[in-house]
Amino acid sequence: MLRKRSRLIAAPIAAVALTLTVAGYHASAAGSSPSGGAGQSGKVTKAAGPCLADATTLIGDLDGDGHPDKISNPGHTGTKMTIQWGTADGSFGAKKSVSALLGAKKGEVATAAVADFQNDGTLDMVVNIVEPADGDDPSTARVAEYRPGPLKRSNLGSAESRHSDIGDHGEVQQLRIANYGDDPYPDLAILNNSGDGQLDRDVRLSYAGSGLGDFDYALKQKYGEFGSTGEPPAMPSDGWKQFFESCS
Ligand SMILES: [Ca+2]
Ligand SMILES: [Ca+2]
């Protein structure tokens, strides 16, 4: 019921995104024409916004160098994300695992979510690194941050990184982009082990200017779901689709 409702509300947002993407598409089509020089191509590509190559592959500039990068998120879970940095000629470099870029240690699980949370034209990232617990009590995160873009190539650092409380209320198992409420700011669905077999869908909403917000029990009740390891909560898999159009 809730998911249906948020999809209906998303329709006007999708219409706006479509308009933007159409403009971006023309720009990138011009840049990829055989007659376009390298310099011209670079300039035009910079104007194009992020788009989806497929349901789990986002093409967009993550490090702010003007060249679109390829962000892959197999299974939508945020745990197997890879990045291929874009080059001046429009090709992509080798796959780098986000876990390695973030410096996750042996035994730790790194989870990430990418979207333009502040809707300011730059892609941002939410990261969580935790060593999973082997008992009933959940671990809390070693690193949990909201990182407004652009991000550094070497370690996905941000000049404006700040602590996020996503890793303070239990053990993050998945991070997924979601669309809660009627606004153009992407939200976060968190698959959270809160201990004693309880597995919840927790949420963080994002807002104009400030980006990702903090834990709010009322929002968790409204948009989240309480479940267990035996009966896990439903998790969204159409988050990127709600905020990005297809590249083709
Ligand atoms: Ca780039
Ligand atoms: Ca942004």
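Everything numeric in this text was worked out from a predicted model, so none of it was measured. (Residues numbered from 1 in each chain as written. Chains lettered and ligands numbered in written order. Predicted model: local features only at pLDDT ≥ 70, side-chain atom pairs only at ≥ 80, totals over all residues.)

Draft legend 1. Representation of the sheet that holds strand β2 (residues 57-60). In spatial order, the strands read β1-β2-β3-β4-β5; together these five strands make up an open sheet with antiparallel pairing. Strand pairing shows two members of the sheet lacking a second neighbour, β1 (51-54) and β5 (96-97), which therefore form its edges. Sheet topology places β1 next to β2; three bridges connect them, and they run antiparallel. In the strand pairing of β2, Cys 51 is matched with Ile 59. (Pairing = 2+ DSSP bridges. Helix = DSSP H or I, 4+ residues; strand = E, 2+ residues; numbered from the N terminus.)

Draft legend 2. Representation of the sheet that holds strand β8 (residues 143-147) in the model. One open sheet holds the four strands; their spatial order is β6-β7-β8-β9, and the pairing between them is antiparallel. Taken across any chain shown, the strands that pair with only one partner, and hence form the sheet edges, are β6 (109-115) and β9 (162-163). Pairing of β8 with β9 involves two bridges; the strand directions are antiparallel. Residue Tyr 146 lies in a different strand from β9, and its bridge partner there is Arg 162.

Draft legend 3. The arrangement of the nonpolar core in detail. Counting 47 residues, the largest nonpolar core has Ala 112, Ala 113, Val 126 and Leu 188 as the members making the most contacts within it. Excluding anything up to four places from it in sequence, Ala 112 contacts Gly 78, Met 81, Val 98, Met 125, Val 126, Val 127 and Leu 175. (Core = buried A, V, L, I, M, F, W, Y, C linked by C-beta atoms within 7 Å. Buried ≥ 20, exposed ≤ 12 C-beta atoms within 10 Å, placed from the backbone. Contact = placed C-beta atoms within 7 Å.)

Draft legend 4. View of the environment of Tyr 180. Structurally, the position occupied by Tyr 180 is in the loop between β10 (171-178) and β11 (187-195). Considered as a pair, Tyr 180 and Tyr 223 are 43 residues apart in the sequence and their alpha carbons are 7.1 Å apart.

Draft legend 5. Spatial organisation of unusual backbone geometry. With an omega dihedral of 0°, the bond running from Gly 149 to Pro 150 counts as a cis peptide bond. Its location among the elements puts Pro 150 in the loop between β8 and β9. Phi at His 76 is positive, roughly 65°, even though this residue is not glycine. Note that His 76 resides in the loop between β3 (69-72) and β4 (82-84).

Draft legend 6. Examining the environment of Ser 139 more closely. In this structure, Ser 139 sits in the loop between β7 (124-130) and β8. A residue is classified by how many C-beta atoms lie within 10 Å of it, and Ser 139, with 19 of them, is partly exposed. Each C-alpha atom of the pair Ser 139 and Asp 168 lies 8.7 Å from the other, and the pair is 29 residues apart in sequence. Those residues in contact with Ser 139 that sit more than four places away from it in its chain are Val 130, Glu 131, Pro 132, Ala 133 and Glu 171.

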